[in-house]
Protein chains: 2
Amino acid sequence: MQIDKQTLMDFPQRYRTQLINSLSGFKSANLIGSIDESGQTNLSIVSSVVHLGAHPPLVGLVMRPNTVPRHTFENIKNTGCYTINQVSQSFWQQAHQTSARYEKAQSEFAQVGLTAQFVDGIKAPFVLESRLKYSVKLREIIHLAVNNTEFVIGEIEHVLVEPEAVRADGFIDLQALETVTVSGLDSYHRTERLSRLSYAKPDLMPSEISLDGPTPSMK
Amino acid sequence: MQIDKQTLMDFPQRYRTQLINSLSGFKSANLIGSIDESGQTNLSIVSSVVHLGAHPPLVGLVMRPNTVPRHTFENIKNTGCYTINQVSQSFWQQAHQTSARYEKAQSEFAQVGLTAQFVDGIKAPFVLESRLKYSVKLREIIHLAVNNTEFVIGEIEHVLVEPEAVRADGFIDLQALETVTVSGLDSYHRTERLSRLSYAKPDLMPSEISLDGPTPSMK
């Protein structure tokens with residue numbers, strides 16, 4: 001089935017939204033925790049968190065300030081601090097519910113039944129229920145004029161993770177943490193591992209490696 | 001387990017790379033198809049494709065021009081055209097192998113055993129084996145000075161998809177297409193659906209909806 005550009009543009013708006021949202025592939029599911037100057041907390045699910053680099057440790061996310069996460073975006077701009085909390089199987093429906101258009105005075109933590117967790121020295125709240133989470137310091141906001149969105153870049157600072165998920169080579173087993181993934185706007189999935197694969201080299205095909213990484217002879 | 005900023009910075013480089021790459025959550029797995037002015041094709045796996053918006057239909061991806069996808073980045077800049085091809089279970093190992101450092105004269109299509117597919121009017125090659133793919137017209141390249149990477153923004157033009165995966169409301173069932181997802185640098189996963197959820201409203205918790213979207217009474 002081929003859908004040409006004109007057909008794509010002629011689809012009804014909701015149909016096109018669903019279809020285009022499916023094209024990028026499986027997405028990350030994360031809750032962004034933030035707080036305003038008066039202490040009002042905010043929580044917002046996003047599927048656009050993307051790894052930018054490990055040296056320095058940077059993460060990006062796309063926000064549409066004119067739609068739901070507007071309070072989150074304001075808080076990030078004003079405080080320069082936020083948390084990213086992976087969504088796992090024990091609270092994926094509550095995480096989805098944070099996308100409802102609550103008033104600013106209503107904290108999504110209370111509205112959806114998740115628990116704000118504070119760590120000394122970090123202003124923004126974590127999600128207690130999340131099994132892998134970290135605080136982020138805002139580095140840069142890039143306005144994407146092409147569709148009036150904001151690309152928010154931050155530096156990873158303080159990581160909270162269940163220790164048994166961290167494997168010998170630093171790999172974190174997200175599947176063991178029951179982290180979920182999203183497709184389209186609203187489809188949530190758990191995962192089944194195929195395998196980890198060895199680092200690709202031109203002269204041989206990749207082989208399966210253990211969860212702890214390559215054995216010394218493969219390095 | 002808490003890992004503070006200093007501990008994070010003190011980890012050995014490879015360990016930190018693995019750990020930081022796990023933090024963003026599950027990632028999309030896509031092959032970027034491109035071609036140079038002389039007709040030499042190129043194929044490169046990326047895990048950073050991110051949905052930017054549906055109106056207009058835009059997609060972003062992060063590239064590190066100094067590492068493996070450098071030929072792909074050059075081709076995109078020079079031709080303004082590329083394809084994005086979802087990686088599925090029948091060729092995930094071959095897709096991973098495109099990350100090996102082949103010379104420019106070696107097309108990854110031939111090296112890993114995937115098939116270049118050309119469509120009239122579109123310069124860049126698709127991956128025949130991919131079950132959901134589309135051509136993209138370059139709109140903008142934003143240099144991210146913060147870590148010397150490039151954020152490549154393109155407009156989705158021509159979609160090729162197996163028709164039975166497109167559901168009544170435009171949602172595409174990526175799980176039925178056996179699209180895979182990636183965690184960390186090298187862990188591949190298939191998915192098991194939890195559910196699609198209804199559009200979140202402040203006054204009620206989300207409910208499970210069918211693969212074809214909400215029933216008329218729920219809209």
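A quick note: this is a predicted structure, and the numbers were derived from the prediction, not measured.

1. Side note on the side chain of Gln18 of chain A
Next, step 1: With respect to the helices, strands and loops of the structure, Gln18 of chain A is situated in helix H2 (residues 13–23).
Next, step 2: If we skip the residues at most four places from it in the chain, Gln18 of chain A touches Leu185 and Asp186 of chain A together with Asp169, Gly170, Phe171 and Arg196 of chain B.

2. Quick look at the pattern of salt bridges
Next, step 1: Taken as a whole and assessed by the stated rule, the structure comprises 20 salt bridges over all chains.
Next, step 2: The partner of Asp169 of chain A in a salt bridge is Arg196 of chain A, with the nearest N and O atoms 2.9 Å apart. Separated by 27 residues along the polypeptide, Asp169 of chain A in the loop between strand S11 (149–161) and strand S12 (181–183) and Arg196 of chain A in strand S13 (residues 187–197) bring together distant segments of the chain. The pair formed by Asp169 of chain A and Arg196 of chain A is uniform in burial state, with each residue classed as buried.
Next, step 3: Across the salt bridge formed by Asp212 of chain B and Arg167 of chain B, the nearest N and O atoms sit 3.0 Å from each other. Here the residue Asp212 of chain B occupies a position in the segment after strand S14 (208–209), and Arg167 of chain B occupies one in the loop between strand S11 (149–161) and strand S12 (181–183), the gap between them amounting to 45 residues.
Next, step 4: Asp212 of chain B gets classed as partly exposed once you look at its relative accessible area, which sits at 33%.

3. Here we look at helix H3 (residues 70–79) of chain B
Since the α-helix advances by 3.6 residues per turn, residues separated by three or four positions end up pointing in the same direction.
Next, step 1: What H3 of chain B keeps buried is the set His71, Thr72, Phe73, Asn75 and Ile76 of chain B.
Next, step 2: Following H3 of chain B by one or two positions, Gly80 of chain B adopts a phi angle in the positive range, close to 70°.

4. As for the interface of chain B and chain A
Next, step 1: Counting residues at the interface gives 105 residues for chain B, matched by 105 residues for chain A.
Next, step 2: The junction of chain B with chain A conceals about 9,400 Å² of combined surface from both sides, 62% of it contributed by carbon and sulfur atoms.
Next, step 3: In terms of surface lost to chain A, no three residues of chain B exceed Leu23, Phe26 and Leu194 of chain B, which account for 8% of the buried area on that side.
Next, step 4: Counting across the interface, chain B meets chain A through four salt bridges.
Next, step 5: Across the pair Arg196 of chain B and Asp186 of chain A runs a salt bridge whose closest N-O atoms are separated by 2.7 Å.
Next, step 6: At the boundary of chain B with chain A, the tally comes to 56 residue pairs in polar contact (both at pLDDT 80 or more).
Next, step 7: Considering only residue class, the side of chain B that touches chain A consists of 49 nonpolar, 35 polar and 21 charged.

5. Quick word on the packing of aromatic side chains
Next, step 1: Going through the model one piece at a time under the given rule, you end up with five aromatic pairs over all chains.
Next, step 2: Seen in terms of ring centroids, Phe151 of chain A and Phe151 of chain B are 4.3 Å apart; in terms of plane orientation they differ by 10°. Their pairing is stacked. Taken together, the positions of Phe151 of chain A in strand S11 and Phe151 of chain B in strand S11 put the pair across two chains. Considered together, Phe151 of chain A and Phe151 of chain B belong to a single accessibility category, that of buried residues.
Next, step 3: Above the face of the Phe171 of chain A ring, Arg196 of chain A is positioned so that its terminal group lies 4.2 Å from the ring centre.

6. A short note on the side chain of His51 of chain B
Next, step 1: On the secondary structure map, His51 of chain B appears in strand S5 (residues 50–54).
Next, step 2: Side chain to side chain, His51 of chain B and Asn21 of chain A meet in a polar contact 3.3 Å long.
Next, step 3: Beyond its immediate sequence surroundings of up to four residues, His51 of chain B is in contact with Ile20, Asn21, Ser24, Lys27 and Arg64 of chain A together with Leu58 of chain B.

Calculation rules
Residues numbered from 1 in each chain as written. Chains lettered and ligands numbered in written order. Predicted model: local features only at pLDDT ≥ 70, side-chain atom pairs only at ≥ 80, totals over all residues. Heavy atoms only, no water. Helix = DSSP H or I, 4+ residues; strand = E, 2+ residues; numbered from the N terminus. Contact = heavy atoms within 4.5 Å. Salt bridge = Lys/Arg side-chain N within 4 Å of Asp/Glu carboxyl O. Buried < 20%, exposed > 50% of the residue type's maximum accessible area, 1.4 Å probe, protein only. Buried area = accessible area lost by both parts, 1.4 Å probe. Polar contact = N/O pair within 3.5 Å; in protein donor to acceptor, adjacent residues only side chain to side chain. Nonpolar A, V, L, I, M, F, W, Y, C, P; charged D, E, K, R; others polar. Phe/Tyr/Trp six-rings, centres within 6.5 Å; stacked < 30°, edge-to-face > 60°. Lys NZ or Arg CZ within 6 Å of the ring centre and 35° of its normal.

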